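Observations on the three-dimensional arrangement
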Amino acid sequence: MKRVLLFLATNMAIVLVLSITMRLLGVEPYLTENGLNLGSLLIFAAVMGFGGSLISLAISKWTAKRAMGVRVVETPANSTEFWLYETVRKYSAEAGIKMPEVGIYDAPDVNAFATGMSKNSSLIAVSSGLLQQMTRAEAEAVIGHEVAHAANGDMVTLALIQGVVNTFVMFLSRVIGHTVDRVVFKNEDGHGPAFFVTMIVAELILGVLASIIVMWFSRQREFRADTGGARLAGRSNMIAALERLNSLHPQPLPDKMAAFGIAGGGNGGLKRLFMTHPPLEERIAALKAAQ
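Presented here is a report on the structure given in the accompanying data block. (Residues numbered from 1 in each chain as written. Predicted model: local features only at pLDDT ≥ 70, side-chain atom pairs only at ≥ 80, totals over all residues. Heavy atoms only, no water.)

Strand order in this open sheet of four strands is E3-E4-E6-E5, and the pairing throughout is mixed. Edge positions in the sheet fall to strand E3 (71–72) and strand E5 (112–118), since each of these pairs with one other strand and no more. Of the pairings in the sheet, the one linking E3 to strand E4 (residues 101–105) comprises two bridges and is antiparallel in character. Bridging from a neighbouring strand, Arg-71 pairs with Ile-104 of E4. Packing of helix H4 (residues 79–95) onto the sheet brings it into contact with E3, E4 and strand E6 (121–127), and relative to E4 it is tilted by some 140°. (Pairing = 2+ DSSP bridges. Helix = DSSP H or I, 4+ residues; strand = E, 2+ residues; numbered from the N terminus. Contact = heavy atoms within 4.5 Å. Axes fitted to C-alpha atoms, helices over the stretch in contact; angles between N-to-C directions.)

On to the pattern of salt bridges, then. Tallying each qualifying case throughout the model produces twelve salt bridges. Between Asp-181 and Arg-182 there is a salt bridge whose closest N-O contact spans 3.6 Å. Taken individually, Asp-181 and Arg-182 each receive the classification buried, so the pair is uniform in this respect. One network of salt bridges, with partners in common, ties together Lys-61, Lys-65 and Glu-101. (Salt bridge = Lys/Arg side-chain N within 4 Å of Asp/Glu carboxyl O. Buried < 20%, exposed > 50% of the residue type's maximum accessible area, 1.4 Å probe, protein only.)

Right, let's get into empty space enclosed by the protein. Empty space among the atoms becomes visible once a probe the size of a water molecule is rolled across them. Taken as a whole and assessed by the stated rule, the structure comprises two cavities of 30 Å³ or more. Considering only enclosed or pocket space, the largest cavity measures out at about 50 Å³ in volume. Along the wall of the largest cavity there are twelve residues; nearest its centre are Gly-116, Ser-118, Lys-119, Ala-150 and Met-155. Among the residues making up the lining of the largest cavity, the classes are represented as three nonpolar, six polar and three charged. (1 Å grid on protein atoms, 1.4 Å probe; cavity = no way out; pocket = protein on both sides within 12 Å on 5 of 7 lines; lining within 4 Å. Points joined across faces, edges and corners; volume = space filled by probe spheres on them. Nonpolar A, V, L, I, M, F, W, Y, C, P; charged D, E, K, R; others polar.)

Note that soluble globular proteins tend to have their nonpolar side chains buried in a common cluster. Grouped together as the largest cluster of nonpolar side chains are 32 residues, with contacts concentrated most on Leu-84, Leu-130, Met-134 and Ile-143. Elements with a contribution of two residues or more to this core: H4, E4, E5, E6, helix H6 (136–151), helix H8 (193–233), helix H9 (235–248) and helix H10 (280–289). Take this core: its biggest share by element is six residues, from H6. Excluding residues within four positions of it along the chain, Met-134 makes contact with Val-110, Ala-139, Val-142, Ala-241, Arg-244 and Leu-245. Counting eleven residues, the second largest nonpolar core, distinct from the first, contains Val-165, Val-169, Ala-210 and Phe-217. (Core = buried A, V, L, I, M, F, W, Y, C linked by side-chain atoms within 4.5 Å.)

As structure tokens, then:
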């Protein structure tokens, strides 16, 4: 769960910095004496949009480690760490990916996440609360779920989807800003304040709408990761793990990290459109229906 919102927050910050830097450097290839060059604008938006997304992907492990205080287990220091390390090793081998980094972070809540630039360069981290409150079988199912996220290449796919979303948000916001500046304010000499104000407002609104697409994608990948966890750890164990999570009423991970963890939060109404995870009841029902 953590992974997507941390990725999104980092991505948005990087895109903003790139855009401001380009403007300060006077690099506005889509602006001409006659207004907007739509071809140049689309190229500019794609470079900025995919640039921010790919940079976010490249630093996702580093960001997650520091944001969550993850301690990487390189040499297991006790039986619990040995079990955790060996479980990740076993499942990653079965899933056909290279051994991920294994980490533990201190948090009372039962949760875990996977992140990384590619399926063969990933990090699987679990909370101390998960190790304390779940049985070994349940925890193994959670680990299987996270290994499935890595094996499915969810972060790479998310980066590509986010890049497309960024591109069209930047493109459309500038077209809207230009239209308002020309049609409403009748500005025919370059771009006035109306262009920049409208562009920023449009970016914010379109960004919120675009996030609905990303969140929908995230929810679909959760079902797929549940299926992968069931295949690795056993369907009954995956169902038991989700039922345990449901009974514990887990707190969501920090907003900037809430993405590809095991637990989600909230349901119903408009809020559902912005959920990174489907309700646990739906995930449990989906697994049972697949039996």
